[in-house]
Amino acid sequence: MAKSWKRAIVLLAITLGCWYVEIVINPSHFELILGIAAVISTILCLCFLVIAIIKQIKPDTSGYKIFAWTDSLMGIVVTIYAIYDIMTATGWISLVCSYSMKSRHYQVKGTGSFDSRLL
């Protein structure tokens, strides 16, 4: 097994672990930190999986070049989708934002109801 596949598998395990802890265990004081770690490890995992696949097809290709192209393409796709989501306001990003606005962090203490001024 090549080094690139080993790195991709280790990053996949780290990514799955981060998402598992973030979604299932959900520690209340580390939500933001684990969420950021999960997203960053997912991006790195995707890049390293692409590097491993392309290195297997064409071994003489530079890993740095593959990483740069993969990261650039993911950035372009995310930017296009963000613009689409802003224009239509019906996409996945707006659903996540609306859910986070209604999370327990915006509840009025002692009442169990939401503070409408924060929404």
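Quick caveat, the model's predicted, so the values are computed rather than measured. (Residues numbered from 1 in each chain as written. Predicted model: local features only at pLDDT ≥ 70, side-chain atom pairs only at ≥ 80, totals over all residues. Heavy atoms only, no water.)

## Brief notes about the overall build of the protein
The helix and strand tally for the protein stands at four helices and zero strands. A buried classification covers 18% of the 119 residues belonging to the protein. Once local pairs closer than 6 in sequence are excluded, the contacts in the protein between residues at least 24 apart make up 38%. Only carbon and sulfur atoms are counted for the fraction: they give 73% of the accessible area of the protein, which is about 9100 Å². (Helix = DSSP H or I, 4+ residues; strand = E, 2+ residues; numbered from the N terminus. Buried < 20%, exposed > 50% of the residue type's maximum accessible area, 1.4 Å probe, protein only. Contact = heavy atoms within 4.5 Å. Areas by Shrake-Rupley, 256 points an atom, 1.4 Å probe, with all protein chains shown as cover.)

## Thoughts on helix α1 (residues 3-25)
End to end, α1 covers 32 Å across 23 residues, agreeing with the expected 33 Å (1.5 Å per residue, within 8%). All of the buried residues along α1 are S4, A8, L11, T15, C18 and E22. Residues of α1 that are buried sit in contact with α2 (31-57). (Expected span 1.5 Å × (residues − 1).)

## What to know about a nonpolar patch on the surface
A grouping of W19, Y20, I23, V24, I25, V39 and I43 is seen on the molecular surface, where their side chains present a nonpolar patch of about 670 Å² in accessible area. Counting only elements with at least two residues in the nonpolar patch, the list comes to α1 and α2. With five residues, α1 is the single largest residue contributor to the nonpolar patch. Along the chain, the position of I23 falls in helix α1. Note on I23: relative accessible area 59%, which makes it exposed. (Patch = residues over 30% accessible without salt bridge, like charges linked within 9 Å, V, L, I, M, F, W, Y side chains within 5 Å. Salt bridge = Lys/Arg side-chain N within 4 Å of Asp/Glu carboxyl O.)

## Overview of the packing of α1 against α2
It is the contact of α1 with α2, at a shortest axis distance of 8 Å, that shows an interaxial angle of 155°. Judged on the interaxial angle alone, α2 and α1 are roughly antiparallel. Crossing of α1 against α2: the hand is left-handed. Considering only residue class, the contact of α1 with α2 consists of 19 nonpolar, six polar and four charged. (Axes fitted to C-alpha atoms, helices over the stretch in contact; angles between N-to-C directions. Parallel < 35°, antiparallel > 145°, perpendicular 65-115°, else oblique. Left-handed = near helix turned anticlockwise from the far one by under 90°. Nonpolar A, V, L, I, M, F, W, Y, C, P; charged D, E, K, R; others polar.)

## Some details on the packing of α2 against helix α3 (residues 63-88)
Contact geometry for α2 and α3: axes closest at 9 Å, N-to-C directions at 130°. Relative to α3, the element α2 lies oblique. Crossing angle aside, the handedness with which α2 passes α3 is right-handed. Contacts between α2 and α3 involve I43, L44, L46, C47, F48, V50, I51, I54 and K55 from the former and G63, I66, F67, T70, D71 and M74 from the latter. Split into classes, the residues belonging to the contact of α2 with α3 amount to 11 nonpolar, two polar and two charged.

## Section: the packing of aromatic side chains
The geometry of an aromatic ring pair is captured by the separation of the ring centres together with the interplanar angle, meaning the angle of the planes. Summed over all chains, the structure comprises one aromatic pair. For the pair F48 and F67, a centre-to-centre distance of 6.3 Å together with 65° between the ring planes defines the contact as edge-to-face. Here F48, found in helix α2, pairs with F67, found in helix α3; they are 19 residues apart in sequence, far enough to count as distant. Since its relative accessible area comes to 28%, F67 is described here as partly exposed. (Phe/Tyr/Trp six-rings, centres within 6.5 Å; stacked < 30°, edge-to-face > 60°.)

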